[in-house]
Amino acid sequence: MVHLDDFIDDGDDGEEGPDVAADFAALKGCLKALADAIASTNLAVINGAQGDVAAATQRVQASIGALKRFHEAMKVLESGTEDEAAEDDEES
């Protein structure tokens, strides 16, 4: 198994750069939330097909919650991209 920590620069070289550790954490959060949303949606379909409306409703709510977590984690990743674009504009 590959550990993301092996690829994170600890920043000891004195350079100011993007927060790579935060980006990896946000990416991990995105992937986990997306996997949770997919699993919950699949279970909602199965519960709906079995006629268990209450369980299907619960799974749909869980899927919506996971998608909200996904969007929150994506905001962190997108803000890093916006910061890099602003820095590039300042250098020009």
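The paragraphs below set out a description of the structure included in this document. (Residues numbered from 1 in each chain as written. Predicted model: local features only at pLDDT ≥ 70, side-chain atom pairs only at ≥ 80, totals over all residues. Heavy atoms only, no water.)

### Observations regarding the overall build of the protein chain
Secondary structure assignment for the protein chain yields two helices and zero strands. Looking at the protein chain as a whole, 15% of its 92 residues are labelled buried. When contacts within the protein chain are restricted to residue pairs at least 6 apart in sequence, long-range pairs at least 24 apart make up 55% of them. Looking at the protein chain as shown, the accessible area adds up to about 7,100 Å², and 56% of this sits on carbon and sulfur atoms. (Helix = DSSP H or I, 4+ residues; strand = E, 2+ residues; numbered from the N terminus. Buried < 20%, exposed > 50% of the residue type's maximum accessible area, 1.4 Å probe, protein only. Contact = heavy atoms within 4.5 Å. Areas by Shrake-Rupley, 256 points an atom, 1.4 Å probe, with all protein chains shown as cover.)

### A closer look at the environment of aspartate 36
With respect to the element layout, aspartate 36 can be found in helix H1 (residues 20–49). For aspartate 36 and isoleucine 64, which are 28 residues apart along the polypeptide, the C-alpha to C-alpha distance reads 9.8 Å. The residues touching aspartate 36, leaving out its near neighbours within four places in the chain, are Ala66 and Arg69.

### Here's the deal with a nonpolar patch on the surface
On the surface, Leu34, Ile38 and Leu67 cluster together into a nonpolar patch covering about 230 Å² of accessible area. As for its position among the elements, isoleucine 38 is in helix H1. (Patch = residues over 30% accessible without salt bridge, like charges linked within 9 Å, V, L, I, M, F, W, Y side chains within 5 Å. Salt bridge = Lys/Arg side-chain N within 4 Å of Asp/Glu carboxyl O.)

### Focus: the pattern of salt bridges
Counted according to the given criterion, the structure contains two salt bridges. Note that aspartate 36 and lysine 32 form a salt bridge whose closest N and O atoms lie 3.5 Å from each other. Taken together, the residues span about one helical turn, with aspartate 36 and lysine 32 both in helix H1 at a distance of four residues. With relative accessibility at 26%, the residue aspartate 36 sits in the partly exposed group. The partner of aspartate 36 in a salt bridge is arginine 69, with the nearest N and O atoms 2.5 Å apart. Here aspartate 36 is found in helix H1, whereas its partner arginine 69 is found in helix H2 (residues 53–91), with 33 residues between them in sequence.

### Notes on the side chain of serine 63
Among the structural elements, serine 63 can be located in helix H2. Note on serine 63: relative accessible area 7%, which makes it buried. At a separation of 2.8 Å, a polar atom in the side chain of serine 63 contacts the side chain of threonine 41. Other than its neighbours up to four places away in sequence, serine 63 contacts Ala37, Ser40 and Thr41. (Polar contact = N/O pair within 3.5 Å; in protein donor to acceptor, adjacent residues only side chain to side chain.)

### Some words on the environment of alanine 66
Relative to the helices and strands, alanine 66 resides in helix H2. The spacing of alanine 66 and alanine 33 is 33 residues in sequence and 5.0 Å in space, taken between C-alpha atoms. Every residue in contact with alanine 66, bar those within four places of it in the chain, is listed here: Ala33, Asp36 and Ala37.

Just geometry here; none of it tells us what the structure is for.
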